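Now for the letters of each chain:
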Amino acid sequence: MSRFVHPLFLSILLMFVCTSCERVIETDIGSSVKKLVISSNFTADHPVKVVLTKSRSFNSSELNIDQYITNGTVEILKGDVLLEELVITDIGHHAPVYSSIDFTPEVGVVYTIVASAPGYETASASSFIPKSASIDNFNFDNNVETDGTIFKTVNFNLNLNLQDDIEEDNFYHLVLRQRLTEFNVITDENGLSDTTFDINNTMVDLDVVLTNGLLHTILPTNNESILLTDEEFDGENVLIQLNGRFRFNSSTHIPGSLSIEIRTVSQAYYNYYYSVYNQNQGIN
């Protein structure tokens, strides 16, 4: 007798996120002068989190732990009014994060992050949280393919209608994350089997394509997110159509939830990821 039920299911978690603040440092590629780099994505009604690093050379691929600034001072201001000095957390193997304790930002308000550290010029960045987009319609379907092995491929289609705000130039970041749940079948001496599930879901690589021909879109650093502007549909209700796929081992995992973040982002955020995308593509 077996008490193991092996369901194949997909559920959707739809999240709306407004963000962000980025400071893009423009410097000569050959310059040896190190500058402070402020990295911060902030969301309404959540603490502001900032990471300080040294500027890197153009051909540097990943951050090393010694490139993080842990002895800096980070303040957040509204106009000339100091709102809070951020407190550093997560020192160790993870990126050290400067976080607000009492302050949380509001939509539409311009905030300025000012950072300083011994040996560096003071750096600052200003941005605001754009208004969230309105979603009028949402449709999702999927099918499973098998090649006769333990591996299965899930293909899915996603359609959503987004109402763009005509009063502003808007920028959007659609981020998709597919979770997998690991399971283990245990059989006792009587031949009875039971199944345990790992509560720590893992992420699987996605391959996502925008299929309805919207221009001014990029895939920033991976195939799991799409960044776009409203240049072609300013003030309109636009249909966004996505096709995606992922592959998993059906003997060890079952699909969990597919989360979709629809971020209304600032132009600075868009420009930052656009420059990252061009650098990864070898475009100057």
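Structure first, text after, so check above.
Scope of this entry: the structure provided in the associated data block. (Residues numbered from 1 in each chain as written. Predicted model: local features only at pLDDT ≥ 70, side-chain atom pairs only at ≥ 80, totals over all residues. Heavy atoms only, no water.)

1. Observations concerning the sheet that holds strand β9 (residues 111–116)
And then number 1: Taken in spatial order, the four strands of this open sheet run β6-β5-β9-β10, and their pairing is antiparallel. Strands with a single pairing partner mark the edges of an open sheet, and in this sheet they are β6 (81–85) and β10 (123–127). Strand-to-strand twist in this sheet, taken as the mean axis angle between neighbours without regard to direction, amounts to 25 degrees.
And then number 2: Here strand β5 (residues 73–78) runs beside β9; their pairing, made up of five bridges, is antiparallel. In the strand pairing of β9, I76 is matched with I113. (Pairing = 2+ DSSP bridges. Helix = DSSP H or I, 4+ residues; strand = E, 2+ residues; numbered from the N terminus. Axes fitted to C-alpha atoms, helices over the stretch in contact; angles between N-to-C directions.)

2. Quick word on the nonpolar core
And then number 1: Judged by nonpolar contacts, the single largest core of 26 residues is most densely connected at F156, L162, L176, I240, L242 and F246.
And then number 2: Of all the elements in the fold, those that place two or more residues in this core are β12 (151–163), β13 (171–187), β16 (207–210), β18 (225–229), β19 (237–249) and β20 (253–265).
And then number 3: Within the second largest apolar cluster, 21 residues are counted, among which are V50, Y98, A115 and I129. (Core = buried A, V, L, I, M, F, W, Y, C linked by side-chain atoms within 4.5 Å. Buried < 20%, exposed > 50% of the residue type's maximum accessible area, 1.4 Å probe, protein only.)

3. Let's talk about the sheet that holds β12
And then number 1: Pairing is antiparallel across the open sheet formed by four strands, whose spatial order is β11-β12-β19-β16. Across the chains shown, the open sheet's two edge strands, defined by having one partner strand only, are β11 (134–146) and β16. Here the strands of the sheet are splayed against their neighbours by 15 degrees on average, with no regard to which way each runs.
And then number 2: Summarising the sheet, β11 and β12 pair through twelve bridges and their orientation is antiparallel. Paired with V144 across the strands is V154, a residue of β12.

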